[in-house]
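Structural overview
What follows is each chain in one-letter form.
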Amino acid sequence: MNWDWEVVEEFLPRFWDGVLVTCQALLGGTLIAFTLGLVWALAQRSNLVWVRWPVNAVTEFIRNTPLLVQLFFLFYVVPEWGPSMSPLATGVIGLGIHYSTYTAEVYRAGIDGVPRGQWEAATALNLSTAVTWRSVILPQAIRRVVPALGNYVVAMLKDSPMIAIIGALDMLGEARFFSAETFQYVEPITLVGIAFIVIAYPASLLIRALERRLATY
Amino acid sequence: MSTPDNNPADTPSKTPSKTPSNTPGNAPDAARTAVGTATGDTPWATGEEIIRFQDVTKRYGRQVVLDDLCFSVYAGKHVTLIGPSGSGKTTILRLLMTLIKADEGSIRVEGDYLTHEERNGKLVPAGERHIREVRKKIGMVFQQFNLFPNMTVMRNLTEAPVRVLGLSRDEAEQRARELLEMVDLTEMSAKYPSQLSGGQQQRVAIARALAMRPRILLLDEVTSALDPELVAGVLDLLRDIAHHTDITMLTVTHEMNFARDISDCVMMFDHGKILEAATPEKLFNDPEHTRTREFLNAVL
């Protein structure tokens, strides 16, 4: 096996394009997954059956169907009767929605983990439901689930190459196209593999820093 | 469900104005409810009736925790509930705090129904707004403190006054500093609850309840979770509050000396009923029931 630095150099411009797409997918996907997951988790605790039930059905459905199918659906089916979006935007939304159904479960566990006495104290102080959630329950719930949320960021990073299937070329997508054209596989694929670690590791460090920052009590 | 007394003269009013039910003039009638199980003099049954339980029943599954209970508490009085565990004492506090709902009967606070409101002359389950309005008058201190661990002591004391009472942050902090001084924890305001001892946490919890300026303070075994050497500090504070404020106190405790010190009335509970209610002198020295005597012998 020969390592050819010239191949690396030739691949680099497209590699950087791919890194940018991967990072955008990861950041955008995380943002959507974290916020939408919280929305799901709160909706699942709603007193209203007609909120709870559909949300449960939808999240259950999304969690139990492949991300690939969802990406295809978003890219090819939704535009039939809705907005059509760029491959990258579609990919970001697809990843975000898919992972939001997992983060919803994480939030749920965190919310369930807040002792009942906290709810009772909030009632005794006559706090409104909204204030109880915002000031008392969610700060405690989220703090204890940050590590679990972090795991899903890394999982999402590892799933991000799937968005290449709808034409949003991430690092791996770029590498595959490059290799298909030049028949040079070793360098691009290796480079991409290393890049995944280089992105994943700081991401997990970032999550850990966030965890420490939240651990003020 | 037993229908609460629906006499128009007795209807709950939005404002805690003097309805006939809570004027001193009507006290003898109301006192009868309390005296039904009372023995000896009833010096605690005078003045404004602030809490009234009427035919209250609470069940958990098939177990009857409170059995058709009637009693009244008068403004500024200190009533202590004693009795074996499972006799329903804590349930009374939890009902008053609206943490649980009664299965039957009605509870009134300053004449207003706690969890019912009147619509078209009928009593219906109250909406959130009504419940919150009545609940404003009541504060509670818990066995497990239940301070908010994600907030500093200062924020624990100011969150509800700011969000619920609408005080400005400055006003709320001013009030909090006074309370911290009273509970002798001035230097702890920037600390988090986890950095405090159990006794300190409980004192903060008492201050937090008082910050809402309730008329009624519910104390649910507030020293049971404390290390023995920390109990005295909390009890001294509560004695102080009992003797220097006009707040109505309902206390569930196993500290009989404390009960003797602060109570106007001690109620002995057994199997969801008030076995007897009397002044501490009478109840501790000369109880009517052998069951009470057995209980006191076991705990004293």
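Residues numbered from 1 in each chain as written. Chains lettered and ligands numbered in written order. Predicted model: local features only at pLDDT ≥ 70, side-chain atom pairs only at ≥ 80, totals over all residues.

The name an unreviewed UniProt entry gives chain B is Polar amino acid transport system ATP-binding protein, with Streptomyces aidingensis as the organism. Its UniProt record, at the heading Sequence similarities (unreviewed entry), says of chain B: "Belongs to the ABC transporter superfamily." Here is the UniProt Subcellular location (unreviewed entry) comment for chain B, exactly as written: "Cell membrane". (UniProt positions renumbered as here; feature names shortened; annotations may be inferred.)

As recorded in an unreviewed UniProt entry, chain A goes by Polar amino acid transport system permease protein and comes from Streptomyces aidingensis. The Sequence similarities (unreviewed entry) field of the UniProt record for chain A holds the comment "Belongs to the binding-protein-dependent transport system permease family." Note on chain A: under the UniProt heading Subcellular location (unreviewed entry), the record states "Cell membrane".

Attention shifts here to the overall build of chain A. Broken down by element type, chain A carries eight helices and zero strands. The secondary structure elements of chain A, listed N-terminal to C-terminal, are α-α-α-α-α-α-α-α. Taking the principal axes of its C-alpha atoms as reference, chain A extends roughly 70 × 45 × 25 Å. Out of the 217 residues belonging to chain A, those deemed buried represent 34%. (Helix = DSSP H or I, 4+ residues; strand = E, 2+ residues; numbered from the N terminus. Buried ≥ 20, exposed ≤ 12 C-beta atoms within 10 Å, placed from the backbone.)

Let us look at the overall build of chain B. A tally of helices and strands in chain B yields 10 helices and 12 strands. Every one of the 300 residues in chain B was classed for burial, and the buried ones make up 45%. For chain B, contacts bridging at least 24 residues in sequence account for 66% of all contacts bridging at least 6. (Contact = placed C-beta atoms within 7 Å.)

Once that is clear, we can look at the UniProt feature "domain: ABC transporter" (unreviewed entry) in chain B. The positions UniProt marks with the feature "domain: ABC transporter" (unreviewed entry) are residues 51–296 of chain B. Helix makes up 37% of residues 51–296 of chain B and strand 28%, whereas the separation of the span's terminal C-alpha atoms amounts to 27 Å.

Residue and element names in this part refer to chain A. In this structure's numbering, the residues bearing the UniProt feature "transmembrane region" (unreviewed entry) are residues 19–43, 149–169 and 189–210. Across residues 19–43 one finds 100% helix and 0% strand; the C-alpha atoms that close the span lie 35 Å apart. The distance separating the terminal C-alpha atoms of residues 189–210 is 32 Å; by composition the span is 100% helix and 0% strand.

On to the interface of chain A and chain B. The figure often quoted for interface size is the accessible area lost as the parts come together. Contacts between chain A and chain B engage 15 residues on the former and 21 residues on the latter. Looking at the side of chain A that touches chain B, the elements that each hand over two or more residues are helix H5 (116–124) and helix H6 (129–159) of chain A. Here the element with the most residues in the side of chain A that touches chain B is H5(A); it accounts for six residues.

The subject of this paragraph is the UniProt feature "domain: ABC transmembrane type-1" (unreviewed entry) in chain A. With numbering aligned to this structure, UniProt lists the feature "domain: ABC transmembrane type-1" (unreviewed entry) at residues 19–207 of chain A. With 83% helix and 0% strand, the stretch residues 19–207 of chain A has end C-alpha atoms that lie 20 Å from each other.

Residue and element names in this part refer to chain B. Sheet architecture is open: six strands sit in the order E8-E9-E10-E3-E11-E12, paired in mixed fashion. Because the sheet does not close on itself, it has two edges, and the strands there are strand E8 (138–141) and strand E12 (273–278). Along the sheet, successive strands turn relative to each other by an average axial angle of 20°, direction set aside. With four bridges connecting them, strand E3 (residues 78–82) and strand E11 (residues 265–270) associate as parallel partners. Bridge pairing in E11 links Ile-82 to Met-268. Those strands touched by helix H6 (residues 198–210) are E8 and strand E9 (216–220), and its axis lies near 175° from that of E8. (Pairing = 2+ DSSP bridges. Axes fitted to C-alpha atoms, helices over the stretch in contact; angles between N-to-C directions.)

Below, the discussion takes up the confidence of the model for chain A. Counting all residues, the mean pLDDT for chain A is 93, and 99% of those residues have values of 70 or more. Of all secondary-structure elements in chain A, the lowest mean pLDDT belongs to helix H8 (residues 186–214) of chain A, at 90, while H5(A) reaches the highest, 97. (pLDDT = per-residue confidence, 0-100.)

Take the pairing of E3(B) next. Residues and elements named next belong to chain B. Counting buried positions along E3 yields five of five residues, so the element is predominantly enclosed. The alternating pattern of E3 places His-78, Thr-80 and Ile-82 on one face and Val-79 and Leu-81 on the opposite face, and all of these are buried. For E3 and strand E10 (residues 248–252), the ladder comprises four bridges, and the chain directions are parallel. Within E10, the residue paired with Val-79 across the bridge is Leu-250.

What follows concerns the sheet that holds strand E4 (residues 104–109) of chain B. Residues and elements named next belong to chain B. A sheet is described by the order of its strands in space; here four strands give the open sequence E2-E1-E4-E5, paired in antiparallel fashion. Of all strands in the sheet, those bounded by a partner on one side alone are strand E2 (63–74) and strand E5 (112–113). Here two bridges tie E4 to E5, and the two strands are oriented antiparallel to one another. Among the inter-strand pairings, Val-109 is bridged to a residue of E5, identified as Asp-112. Those strands touched by helix H2 (residues 89–96) are strand E1 (49–60), E2 and E4, and its axis lies near 115° from that of E1.

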